[in-house]
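# Summary of structural features
Read off the chains here:
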Amino acid sequence: MGRLLKCAAVLAGIAIFASLAQAAAPPRPVDGARIANADSEPGQWLSIGRTYDEQRHSPLKQITTANVKNLGLAWYADLGSVRGVEASPLMVDGVLYVTQPWNITTAYDARTGKVLWKYDPKVPVKYARIACCDIDARGLAAWKGKIIQATLDGRLIALNARTGKVIWSVQTLDEGTPWAYTVTGSPRVFDGKVLIGNAGAEAAAPGYLTAYDAETGKKAWRFHVVPPNPNTTKLTKAEEMAAKTWKGEWWKIGGGGTPWDSIVYDPVAKLVYVGTGNGGPYNQVFRSPGGGDNLFLASVVALKVENGDYVWHYQETPGDQWDYTSTQPIMLADLQIGGRLRKVAMHAPKNGFFYVIDRLTGELISAEKYAPVTWAERIDLKTGRPVENPISRYGTTPISISPGRGGAHNWHPMAYNPAAGLVYFPVTFSADIYAYDPNFKQVPGGIIQTGSHQSNMPEVRAQLRAVMPKPQNYLVAWDPVKQKEAWRVNYQRNGSGGLLSTAGNLVFQGTADTTLAAYRADTGAKVWEMPVQQVPIAAPISYMLDGVQYIAVAAGYGGGRAEMAYNTVEPDVAEYGRLLVFKLGGKAVLPKVTIANPTLEPPPRLTGSVDDVLVGGELYAKTCSGCHGDEARGGLKDLRRMSAQTHKDFQNIVIGGARKERGMLSFADVLTPAQAENIHRFLIKRINDDWIELKNAK
Ligand code: CA
């Protein structure tokens, strides 16, 4: 290049730089002050719940109850993902960041959908078999030019927000422990620290929450949900208090309690609130023989942000034995209750009670059933403890208890509309069957360890199911001050998604009818609905650019709720997940795509004896039910709807690993081909049993 030309190029570069600088001042980095003042920039969505209180309420009001009928698709992007998409996007300074199954994270131009970068952390496929409830990722955190994500295999990774290049990466799971951990939650950044928990209570893995320096990834502090072995570890004061509530050698059997989702922050009180997981094994007899509350399982725990020191806890399900996690989204608000302004945390955990807790002291203000509940009569406000139904601590006789293991409310984000004074969340009225399993043996590293016979007694289940209440699925609007339901929207099918509230008096929800719907926040009247070929189970967000308000949702059916869908037929959803972005007057059209559930095809003829089918059923319960549902009803992939080709390929898939890229790994390490054949026989029998029902379902 000649000197003159070079000079011209430099000048042109300066000119371009100057015009860019004029067009847009470089955005301020996302930091604590910016998130704490999120209401001053309502067009952005800077953190997972938009604000630190995670109310998921957008102050934008261009879209109203009057004009929402004109809402249409602005643009969409194929994610190319199969399985559940649970993450809400972030929208920071014109860029939309989305993470999807296998923790693949993509940055899009939020106006046009143009891909700016994509990052694949290459999570080993084996984690699909370790995860209890799908290969989920629930979100991202933005911090000072970085996008921070957690991966299924336990890494915390900080990416350059402009380029997607790795800045730092740290493994958050202790190596050398026998426990089958995964990480599915969204990291949060508070006070310059990134916080992340873990999952694995189904495998009895003892949970912990860890904080890292957001700039370097250096570990800052860790809080153990289950106290460590007091013989080998010097316990903190809080751990000593917790250890008194356990019996036997709990550290050998794990204990569970993994805090896999909710972590929220009060920047004024400088307190972090974490929701903890269920007991593992489920049946307390095995993890703490003789009882006890087993702190800090199934609790909301408040910790000091600077060092992780314990401040208070409120245990929602003392001595849990029904898989009642308290990991469900915690939401903060300031409410007028009894003539006083109370700083509260609101919570609708799996166990069916809606709790309002003083977030400064941990005092229980109120608790009422938001769904039919049989394990407890009520919560005693004097003691703060549940008044349990004595038969719910099950023995060898199987009994049906509500809610079931999937919970009356699971991970789906709640939203709060301050004008209506209502909290919105999806409810499933469910029951499960529990009984003491006399043959239970602890297998450290095993994946599903319950100690209760809830899924491997098909005959008993069938008998009890016949007398169990019919499941109901609905969106509820809950008044947290009056502690009662304001309105509900019923759904025929299980599995509708998380919520967004907007100042346009609207709430948005993906529905199990494969639509995105909008309801009036005050009355629940449906004001808009659009078919989207998917169930958007994640919560939508809203943002504004160039004076245009958008609604965005990443859509892909799956997750734990889908696995628990024993009682319904799976929705016919598009084979791949998509990112969907809407605006008023949007005219984009979704192309028709292949449906994941193919046309129902009759199964091959059943061969083998009654015993083969029974043996196959027991193997199914141990090996397959975690992902494919109890009794093969629903689940991640409804096996009653296998195509003729899948039946032919059964051995290739189960033993040969022919579908490992989709997360269906080979089970050759735990099943012989003959055992796989018996599982196949059990499934063929199941299809025949349900044939009329399957044919009559849409
Ligand atoms: Ca669980």
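Residues numbered from 1 in each chain as written. Predicted model: local features only at pLDDT ≥ 70, side-chain atom pairs only at ≥ 80, totals over all residues. Heavy atoms only, no water.

What follows concerns the overall build of the chain. If you tally the helices and strands in the chain, you get 14 helices and 39 strands. The globule rule puts the C-alpha radius of gyration for 698 residues at 26 Å, and the 25 Å found for the chain is close to it. With the C-alpha coordinates aligned to their principal axes, the bounding extent of the chain is approximately 85 × 60 × 55 Å. With 698 residues in all, the chain has 62% of them scored as buried. By sequence separation, contacts in the chain at least 24 residues apart represent 63% of the contacts at least 6 residues apart. Counting only carbon and sulfur atoms, one obtains 56% of the accessible surface of the chain, whose full area is about 26,400 Å². One finds the centroid of the 75 positive side-chain charges in the chain at a distance of 4 Å from the centroid of its 64 negative side-chain charges. (Helix = DSSP H or I, 4+ residues; strand = E, 2+ residues; numbered from the N terminus. Rg over C-alpha atoms; globule rule 2.2 N^0.38 Å. Buried < 20%, exposed > 50% of the residue type's maximum accessible area, 1.4 Å probe, protein only. Contact = heavy atoms within 4.5 Å. Areas by Shrake-Rupley, 256 points an atom, 1.4 Å probe, with all protein chains shown as cover. Lys, Arg positive; Asp, Glu negative; His and termini not counted. Charge placed at Lys NZ, Arg CZ, Asp CG, Glu CD.)

Leu96, Tyr97, Phe508, Tyr543, Leu579 and Phe582 are the most contacted members of the largest nonpolar core, which totals 70 residues. Here this core gets six residues from one element, more than from any other, and that element is strand β38 (residues 548-555). The residues contacting tyrosine 543, other than those within four sequence positions of it, are Gly43, Leu60, Trp75, Met91, Leu96, Ala110, Val548, Gln549, Tyr550, Ala552 and Val581. Listed in part, the 26 residues of the second largest apolar core include Tyr314, Phe353, Val373 and Tyr394. (Core = buried A, V, L, I, M, F, W, Y, C linked by side-chain atoms within 4.5 Å.)

Protein-derived ligands of the calcium ion are Glu202 (OE), Glu202 (OE), Asn278 (OD1) and Asp323 (OD), with the metal-ligand distances lying across 2.3 to 2.6 Å. The sequence pattern describing where the donors of the calcium ion fall on their chain is E-x75-N-x44-D. Taken together, the residues span a long stretch of sequence, with glutamate 202 in the loop between β12 (193-196) and β13 (208-213) and asparagine 278 in the loop between β17 (271-275) and β18 (279-280) at a distance of 76 residues. For the residue pair glutamate 202 and asparagine 278, the accessibility class agrees, reading buried in each case. (Donors = N, O, S within 2.8 Å, 3.2 Å for Na, K, Ca; no water.)

Within this structure, the stated rule accounts for one disulfide. Covalent S-S linkage joins cysteine 132 and cysteine 133, the inter-sulfur distance amounting to 2.0 Å. One disulfide, between cysteine 132 and cysteine 133, carries an S-S torsion of -100° and so falls in the left-handed class. For cysteine 132, a relative accessible area of 25% puts it in the partly exposed group. Exposure remark for cysteine 133: the relative accessible area of 21% places this residue in the partly exposed category. (Disulfide = S-S within 2.5 Å.)

What follows is about empty space enclosed by the protein. Applying the stated criterion to the full structure yields five cavities of 30 Å³ or more. The calculated volume of the largest cavity comes to roughly 150 Å³. Forming the walls of the largest cavity are 15 residues, and the residues nearest its centre are Glu54, Arg56, Arg188, Pro329 and Pro413. Its residues placed into classes, the lining of the largest cavity shows seven nonpolar, two polar and six charged. If you add up the space inside the second largest cavity, you get close to 100 Å³. (1 Å grid on protein atoms, 1.4 Å probe; cavity = no way out; pocket = protein on both sides within 12 Å on 5 of 7 lines; lining within 4 Å. Points joined across faces, edges and corners; volume = space filled by probe spheres on them. Nonpolar A, V, L, I, M, F, W, Y, C, P; charged D, E, K, R; others polar.)

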